[in-house]
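Now for the letters of each chain:
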Amino acid sequence: MTDDLVFYTHPMSRGRIVRWMLEEVGQPYRTELLEYATTMKAPAYLAINPMGKVPALRHGDTVVTECAAICAYLADAFPGAGLAPPPGDRLRGTYYRWLFYAAGPLEAAVTNKGLGFEVPAGKEMMAGYGRHADVMATLDELLSRQDYVIDDRFSAADVYLGSHLGWGMQFGGVENRPAFERYWQRVSQRPAAVRAKEIDDALMPARPAAPRQSTAPPAAGAGVCCCRSPAVVPAL
């Protein structure tokens, strides 16, 4: 098997995080688009990821799933991109800390908020993140004093953290605090982030055209339909 990079994804998924990371790395890769409930659950893909979810990455005979793991793997597999402190550098501790803070406390807190679940008072010790407010305050303190996770140096941790903050602010799981907005503006303007968004946006399934509405008044006794097509909300 060659050392080709094969990226399994859907444009309305967390695969957008990995696409951005791949564009930052700058190595050639092949995209395999999968569909929910069909090709994602087919035996061929289940042999790669038994969860039947995307994204996944195959690099030669190595398979990596989970967005944070893929970001960390790519940063180490292609050190020339400069997206992680090298092994032995103590900044690697800071890098790991915030990469997995985003993958653990932040994602759990935002997911629970989206589901309408609040940790009951007195039960915070049972939740890995404690309280949603504490998660937000911790990140606010970090991003109010520095541009990136590792001071003034962009890394794979910023790809992952930035993706979650940007998505969370868009859909209400993360408060639109000034420090978060400045950080998201900074990282989302990177050329690799812009390229990745353009690629995935172009792959979005076409939305059915809205029915044309007559300008004539409805006939007497006729029902008036005011239904709208549901908004397309990408899953992070």
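Helix and strand content of the chain: 8 helices and 4 strands. Put simply, the chain runs from its N terminus to its C terminus through helices and strands in the order β-α-β-α-β-β-α-α-α-α-α-α. Relative to its 236 residues, the chain shows a buried fraction of 42%. Long-range pairs, those at least 24 residues apart, make up 65% of the contacts in the chain with a sequence separation of at least 6. Taken as a whole, the chain presents about 13200 Å² of accessible surface, with 56% of it coming from carbon and sulfur.

With that settled, consider the pairing of strand β4 (residues 62–65). With 4 bridges joining them, strand β3 (residues 56–59) and β4 adopt antiparallel strand pairing. Paired with Ala56 across the two strands is Thr65, which belongs to β4.

This part is about the sheet that holds strand β1 (residues 5–9). A sheet is described by the order of its strands in space; here 4 strands give the open sequence β2-β1-β3-β4, paired in mixed fashion. At either margin of the open sheet sits one strand with a lone partner, and together these are β2 (30–33) and β4. Taken pair by pair, the neighbouring strands of this sheet meet at an average axis angle of 20°, ignoring direction. Where β1 meets β2, 4 bridges bridge the pair, whose relative direction is parallel. In the sheet register, Val6 faces β2, and the bridge partner there is Arg30.

The subject of this paragraph is the pattern of salt bridges. What the rule picks out here adds up to 13 salt bridges. Among the charged side chains, a salt-bridge network with shared partners connects Arg16, Lys197 and Asp201.

Here we take up helix α4 (residues 91–114). The first and last C-alpha atoms of α4 sit 33 Å apart over 24 residues, in line with the 34 Å expected at 1.5 Å per residue. Among the residues of α4, Arg92, Tyr95, Trp98, Leu99, Tyr101, Ala102, Pro105, Leu106, Glu107, Ala109, Val110 and Asn112 are the ones counted as buried. Those residues of α4 that are buried are in contact with α3 (67–77), α5 (132–145) and α6 (156–171). Phi turns positive one or two residues past the end of α4, at Gly116, with a value near 75°.

Okay, the confidence of the model for the chain next. Averaged over all residues, the pLDDT of the chain is 88; the fraction at 70 or higher stands at 87%. The low-confidence segment residues 214–235, where pLDDT is below 50, has 15 contacts with residues more than four positions distant or belonging to other chains.

This paragraph deals with unusual backbone geometry. A cis amide bond, omega 5°, links Val54 with the succeeding residue Pro55. Within the element layout of this structure, Pro55 appears in the loop between α2 (43–46) and β3. In this model, Glu66 sits at a positive phi of 75°, which is unusual for a non-glycine residue. With respect to the helices and strands, Glu66 occurs in the loop between β4 and α3.

What follows deals with the environment of Arg30. With respect to the secondary-structure elements, Arg30 resides in strand β2. On the basis of relative accessible area, Arg30 is assigned to the partly exposed category, the value being 39%. Between the C-alpha atoms of Arg30 and Val6, which are 24 residues apart in sequence, the distance is 4.8 Å. Residues in contact with Arg30, not counting those within four places in the same chain, are Leu5, Val6, Phe7 and Arg58.

Parameters at a glance
- Residues numbered from 1 in each chain as written.
- Predicted model: local features only at pLDDT ≥ 70, side-chain atom pairs only at ≥ 80, totals over all residues.
- Heavy atoms only, no water.
- Helix = DSSP H or I, 4+ residues; strand = E, 2+ residues; numbered from the N terminus.
- Buried < 20%, exposed > 50% of the residue type's maximum accessible area, 1.4 Å probe, protein only.
- Contact = heavy atoms within 4.5 Å.
- Areas by Shrake-Rupley, 256 points an atom, 1.4 Å probe, with all protein chains shown as cover.
- Pairing = 2+ DSSP bridges.
- Axes fitted to C-alpha atoms, helices over the stretch in contact; angles between N-to-C directions.
- Salt bridge = Lys/Arg side-chain N within 4 Å of Asp/Glu carboxyl O.
- Expected span 1.5 Å × (residues − 1).
- pLDDT = per-residue confidence, 0-100.

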